[in-house]
Amino acid sequence: MYESCEERMVPIELLTPHLSTIKIPTSQQLVYKDECVLSFDNPESETGLYVSLTSFLGFGRNYVDHYYQKTKNAVFLHITRSKALAAHEDAEETGDGPEKKITRLAIGVEGGFDPEYGKRKYTYTDHYNVVVLPDYYMFPWPNDALPEVVKMSVQGIIDAQSPFKIAEMAALQGTWDGEKREVSVHSVNLKQLDNGVKIPPLGWKCEKCDLTTNLWLNLTDGSILCGRRFFDGSGGNDHAVEHYRKTGYPLAVKLGTITIDGKGDVFSYAEDDMVEDPYLADHLKHFGINVQQLQKTEKSMVELELELNQKTGEWNTLQESGSELQPLNGPALTGLNNLGNSCYINCVMQVLFRMPDFVQHFVDGVEDIFLNLPEDPVNDFNIQTAKVGVGLISGRYSFPGDDSGFQPGISLHMFRQLIGKGHPEFMTKRQQDAHEFYLHFLTLLERNSRHKQNPSDCLKLVVEERIQCTESLNVKYVRRPEHYLPLPVPVAAATNATQVREYEARRMEAEASGQRLDPSQTVRPNIPFKACLDSFMREESIDQFFSSAVNKKVTAKKITRLGTFPDFLWIQLKKFTIKEDWTPAKLDVEVDMPWEIDLKSLRGHGPQPDETLLPESSPDTPAPVYDEALLAQLLDMGFPVEACKKSLYYTNNSGMEAASNWLMEHMTDWDFANKFEPPGFKSDNAVTVDPASVEQITGMGFTAAQAAKALQATEGDVGRALDWIFSRAEQLDVDEESVPKDNNFGCRDGEARYKLVAFISHMGTSTTVGHYVCHILRQDAWVIYNDNKVELSLNAPKNLGYLYLYQRIEP
């Protein structure tokens, strides 16, 4: 029995030697039929995708031979995909129906900002063949002549759900875009007064003022009152919340957001959150409201947040929306698709692969990384990072897009799933802080670079802290490695304070009359870069510092400098802050970041000949005592345990207010969550180390001595010990007794002159919402990367950035 194969007659019995290796996927089996596990080739690529009938891993044509040579798994399902313009789609269609409306604080997901908006829609058809390597003998599918196990395996692959879809649904189980709400505990037995109040369908007004928008109907007594005042001065006059404080009536619904299916924006003042009221239709009926006759007329809270994000005008400025930008494509000009609030990942990865160290390690060295192909390449950090690097730099996936400038782009599905595994935030689809993701990625990179060259060494610097006891004047020097320089943003140093005050007065006057100023005319505080640098360099007071020179707690002075200067300097402007009500906010400022900087004034010089060092702590130094009740309360608030210990130590256990204030003031410190070792105190309490725990850690490439030391420092907890040991990998690789006082932890050092080569900007009011874009200097021209839109920048808005990458200027 024969079947045609590339115009040749091939016996079906060719499959017989391989039947014992063919497997049938179970419902729990992940089948990678959407994308190559080593590249971004997929069924739509010119050569299609090959899915192994043994491992169910997918491979592009460039890598399927390598997989076969290593495993001898020879039988694959070859998938190709064709597309055609959908018959119902008109090329002239420009409709803007309800499905186009933005209703979620997300990008690239249902209801959110749609990067595909405006593109023509297509229908897709998959084509299948069974292929046998190494000669690529091909058998068409469907095919009754195929052995039964082959048919069952192929059908199982075709029917299997996409791993990307499975991961997507898992991420959506959390409150990934801030919109999912819990059912209020007050909704079931809500008290409603029989006071005869009937609510008219129109003509609503606040009972305490003249506002006719942002009105909330209290579901207990039927009062209509205005909502809270927003952080920017807009919104209501707080009459609804004042009413709750007087009456205790917990639930209110925003008028104008109620829909015919009995949904609407419900706020629980008692729970201080937006909630679900499953009985809302019945509660409204009490006041004569028939939801089937209502129409939604007011903006929802999500829509208002979207509006607040965009009203400042920074969205247009940072995306250079007012300019006709030239689309780009080719090597190092590859767009990244937004997977639903993944813009923070896209920007960080684009910038990291601007640095030669990352390109050399993951792109030039990709063959070495792929050489020993592991059984599970999907969950191999180095393989998936190399896949990203090659995808970005090679140009293989960078093609011109449609008239809107969008490239087809590549999607970091596997990388995102791997990088977020086990992380409470990055495993979700919520918007995240790009800087936190940068640090998270470097931590994983460190863990996967044991005894290997780490490309992040080009970013590593030494921080030098000089601490002086104010009574003895003795000093102490502390050095540690870091990967970024955080700079405060002193708003009080604005050079245009008068203009800002005048603008704010005009804005408030306009909004009081129901108008709005042109966002393009926004006046922001303009902060000189030197003011940020001076703020970082200023002397800081440390209370409750234990001085071993006078054997008591004193006030100390601390100065922070840099012990080394890296090849690339990552600068974070500390724009994100916490307001008085503990809610996150972003400073809407401009910082005059220079194109070139000289930071030699930041260099530390270590102990000087005329300085006396603080002696080592005496044996009778008292151990710190933490108020257990206060510690428990602080932990309940979600702060890291080591940070809580610091707050109690430095506030002398004086109470919750002092400790919480200390935490709020120091939560952006470099070492906020690091293990706390009180100044001058060294514990003599040895922890009995479990040999099994030592063996578990040594299995990851560390020595028994290093494992024991980490367990000693973390009270025997393996999880904490791993975090401890990975954060000190550089120190542990050297015999600590032989480390000189000026040890640089293997950091590179050189001139302190730099030029700006990339920056990441954030649009929105806090890290939990909004959008990120990045600008990168490529061959003396600035390029803007806005997810899968890559264009030549005409006016790089460097003064509105958040994260900056500077490269050393060689002499």
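Just so you know, the residues in each chain are numbered from 1, in the order the chain's sequence is written. Two thresholds apply to this predicted model, a pLDDT of at least 70 for residue-level local features and 80 or more for giving and counting side-chain atom pairs, whereas whole-chain, interface and lining totals are computed over all residues. Values shown for side chains rest on all heavy atoms present in the structure; no hydrogens or waters enter the calculation.

### Looking at the overall build of the chain
Helix and strand definitions follow DSSP, with helices as H or I runs of at least four residues and strands as E runs of at least two, each counted in order from the N terminus. Of regular secondary structure, the chain possesses 22 helices and 28 strands. When a residue's accessible area, from a 1.4 Å probe over protein chains only, is under 20% of the maximum for its type it is buried; when over 50% it is exposed; and in between it is partly exposed. Looking at the chain as a whole, 51% of its 811 residues qualify as buried. Contacts were defined at the residue level, with two residues in contact if any of their heavy atoms lie within 4.5 Å. Expressed as a percentage of contacts within the chain between residues at least 6 apart in sequence, the contacts between residues at least 24 apart total 71%.

### Some details on the pairing of strand 13 (residues 461-469)
Summarising burial for strand 13: 9 of the 9 residues are buried, a large majority. Of the two faces of strand 13, both are covered, the one formed by Leu461, Val463, Glu465, Ile467 and Cys469 as well as the one formed by Val462, Glu464, Arg466 and Gln468. A strand pair is defined by DSSP finding two or more bridges across the two strands. Direction of pairing for strand 13 relative to strand 14 (residues 475-482): antiparallel, over a ladder of 8 bridges. Bridged to Leu461 within strand 14 is Glu482. Counting the residues that bridge the hairpin from strand 13 to strand 14 gives 5 residues, and of these Leu473 lies at a positive phi of roughly 65°. Across 7 bridges, the pairing between strand 13 and strand 18 (residues 552-562) is antiparallel. In the sheet register, Ile467 faces strand 18, and the bridge partner there is Lys558.

### Concerning the packing of helix 17 (residues 641-650) against helix 18 (residues 656-666)
To obtain an axis, a line is fitted to C-alpha atoms, over the contacting stretch when the element is a helix, and the angle between two such axes runs from 0 to 180 degrees between their N-to-C directions. Close contact between helix 17 and helix 18 brings their axes to 9 Å; oriented N to C, the two are set at 120°. Classified by the angle between their axes, helix 17 and helix 18 sit oblique to one another. In the crossing of helix 17 with helix 18, the sense of the turn from one axis to the other is right-handed. Seen from helix 17, the contacting residues are Ala643, Cys644, Lys646, Ser647, Leu648 and Tyr650; seen from helix 18, they are Ala659, Trp662 and Leu663. Throughout, the ten residues Ala, Val, Leu, Ile, Met, Phe, Trp, Tyr, Cys and Pro are labelled nonpolar, Asp, Glu, Lys and Arg are labelled charged, and all others, Gly among them, are labelled polar. For the contact of helix 17 with helix 18, a count of residues per class yields 7 nonpolar, 1 polar and 1 charged. Note on angle classes: values under 35 degrees are labelled roughly parallel, values over 145 roughly antiparallel, values of 65 to 115 roughly perpendicular, and the remainder oblique. We call a crossing left-handed when the near helix sits turned anticlockwise from the far one by less than a right angle, and right-handed when that turn is clockwise.

### A few points about unusual backbone geometry
Here the bond from Leu133 into Pro134 is cis, since omega is 15°, no more than 30 degrees from zero. Structurally, Pro134 is set in the loop between strand 6 (122-132) and strand 7 (137-140). In this structure, Pro142 follows Trp141 across a cis peptide bond, with omega equal to 0°. One non-glycine residue, Asn551, adopts positive backbone phi at about 60°. A relative accessible area of 41% means that Asn551 is categorised as partly exposed.

### A short note on the packing of aromatic side chains
Aromatic pairing here means that ring centres of Phe, Tyr or Trp (its six-membered ring) are within 6.5 Å. Orientation follows from the plane angle: under 30 degrees is stacked, over 60 is edge-to-face, and everything else is tilted. Evaluation of the coordinates by the stated rule reveals 19 aromatic pairs. Their ring planes at 25° and their centres at 4.4 Å tell us that Phe59 and Tyr67 sit as a pair that is stacked. For the pair Phe59 and Tyr67, one class covers both residues: buried. One aromatic cluster is present, formed by Trp595, Phe759, Trp782 and Tyr804 through successive ring pairs. Between Lys553 and the ring centre of Tyr649, over which it is positioned, the NZ or CZ distance is 4.1 Å. Between the NZ or CZ atom of Lys798 and the centre of the ring of Trp595, over which it lies, the distance is 5.0 Å. Two conditions define a charge sitting above a ring: the NZ of Lys or the CZ of Arg must be within 6 Å of the ring centre, and it must be within 35 degrees of the ring normal.

### Description of the sheet that holds strand 9 (residues 224-226)
Spatially, 5 strands are ordered 9-8-10-11-12 in an open sheet, and the strand pairing comes out antiparallel. Since the sheet does not close on itself, it has two edges, and those belong to strand 9 and strand 12 (273-275), each with one partner. Averaged over all adjacent pairs, the angle separating strand axes in this sheet is 40°, with direction ignored. Bridging between strand 8 (residues 215-218) and strand 9 involves 3 bridges; their strand directions are antiparallel. Bridge pairing links Leu217 to Ile224 in strand 9. Against the sheet, helix 4 (residues 239-247) touches strand 8 and strand 9, its axis set at about 120° to strand 9.

### Remarks on the state of the cysteines
Defined by distance alone, a disulfide is two cysteine sulfur atoms within 2.5 Å. The tally for this structure, following the rule as stated, stands at 0 disulfides. Considering cysteine sulfurs only, Cys206 is the nearest to Cys226, which forms no disulfide, with 3.8 Å between them. According to the relative accessible area criterion, Cys226 is buried, its value standing at 0%. Lacking any disulfide linkage, Cys347 is separated from the closest cysteine sulfur, that of Cys774, by 4.2 Å.

### A short note on the confidence of the model for the chain
In predicted models, pLDDT denotes the confidence assigned by the predictor to each residue on a 0 to 100 scale. Residue-level pLDDT values for the chain average 83, and 82% of them are 70 or greater. Contacts for the low-pLDDT stretch residues 1-8, under 50 throughout, to residues beyond four places or in other chains number 25 contacts. This stretch, residues 174-179, has a pLDDT under 50; its non-local contacts, to residues over four places away or in other chains, come to 19 contacts.

### With respect to the environment of Gly401
Tracing the backbone shows Gly401 in the loop between helix 11 (381-393) and helix 12 (413-420). With relative accessibility at 40%, the residue Gly401 sits in the partly exposed group. Here the alpha-carbon distance between Gly401 and Val790, two residues 389 residues apart in the chain, equals 9.9 Å. When neighbours within four sequence positions are excluded, Gly401 is seen to be in contact with Phe406, Gln407 and Pro408.

### A short note on the environment of Lys460
Along the chain, Lys460 falls in the loop between helix 13 (434-447) and strand 13. Sequence separation of Lys460 and Asp567 is 107 residues, and the distance between their C-alpha atoms is 8.4 Å. We define a polar contact as two N or O atoms separated by no more than 3.5 Å, with the added condition that, inside protein, one atom must be a possible hydrogen donor and the other a possible acceptor, whereas residues neighbouring each other in sequence contribute only through side-chain atom pairs. A distance of 3.3 Å separates a polar side-chain atom of Lys460 from the backbone oxygen of Phe745.

### Side note on the pattern of salt bridges
By salt bridge we mean one thing: a side-chain nitrogen of Lys or Arg within 4 Å of a carboxyl oxygen of Asp or Glu. What the rule picks out here adds up to 27 salt bridges. Note that Arg61 and Asp65 form a salt bridge whose closest N and O atoms lie 2.7 Å from each other. Taken as a pair, Arg61 and Asp65 lie in helix 1 (residues 61-71) at a separation of 4 residues, close to a single helical turn. By relative accessible area, Asp65 is classed as partly exposed at 27%.

### Looking at the side chain of Ser223
As for its position among the elements, Ser223 is in the loop between strand 8 and strand 9. Of note is the side chain of Ser223, whose polar atom sits 3.3 Å from the side chain of His243. Residues in contact with Ser223, not counting those within four places in the same chain, are Glu207, Trp216, Leu217, Asn218 and His243.

### Some details on the sheet that holds strand 14
Read across the open sheet, the 4 strands follow the order 14-13-18-17; overall the sheet is antiparallel. Only two strands of the sheet have a single neighbouring strand rather than two, namely strand 14 and strand 17 (540-547). Taken over all neighbouring pairs, the strand axes of this sheet differ in orientation by 35° on average, direction set aside. When strand 17 meets strand 18, the two strands line up antiparallel, connected through 6 bridges.

### Looking at the environment of Pro594
Residue position: Pro594 is located in the loop between strand 22 (590-592) and strand 23 (596-598). Overall, Pro594 belongs to the buried group, its relative accessible area being 19%. C-alpha of Pro594 to C-alpha of Asn799: the two residues are 205 residues apart in sequence and 8.7 Å apart in space. Ignoring anything within four residues of it in the chain, the contact list for Pro594 reads Phe529, Leu756 and Tyr806.

### Things to note about the packing of helix 19 (residues 691-698) against helix 20 (residues 704-713)
Two elements in contact, helix 19 and helix 20, have axes separated by 9 Å at closest approach and are oriented at 120°. Between helix 19 and helix 20, the angle falls in the class oblique. In the crossing of helix 19 with helix 20, the sense of the turn from one axis to the other is right-handed. For the pair helix 19 and helix 20, contact is made by Ser693, Val694, Ile697 and Thr698 and by Ala704, Ala707 and Leu711, respectively. Taken together, the residues that form the contact of helix 19 with helix 20 break down as 5 nonpolar, 2 polar and no charged.

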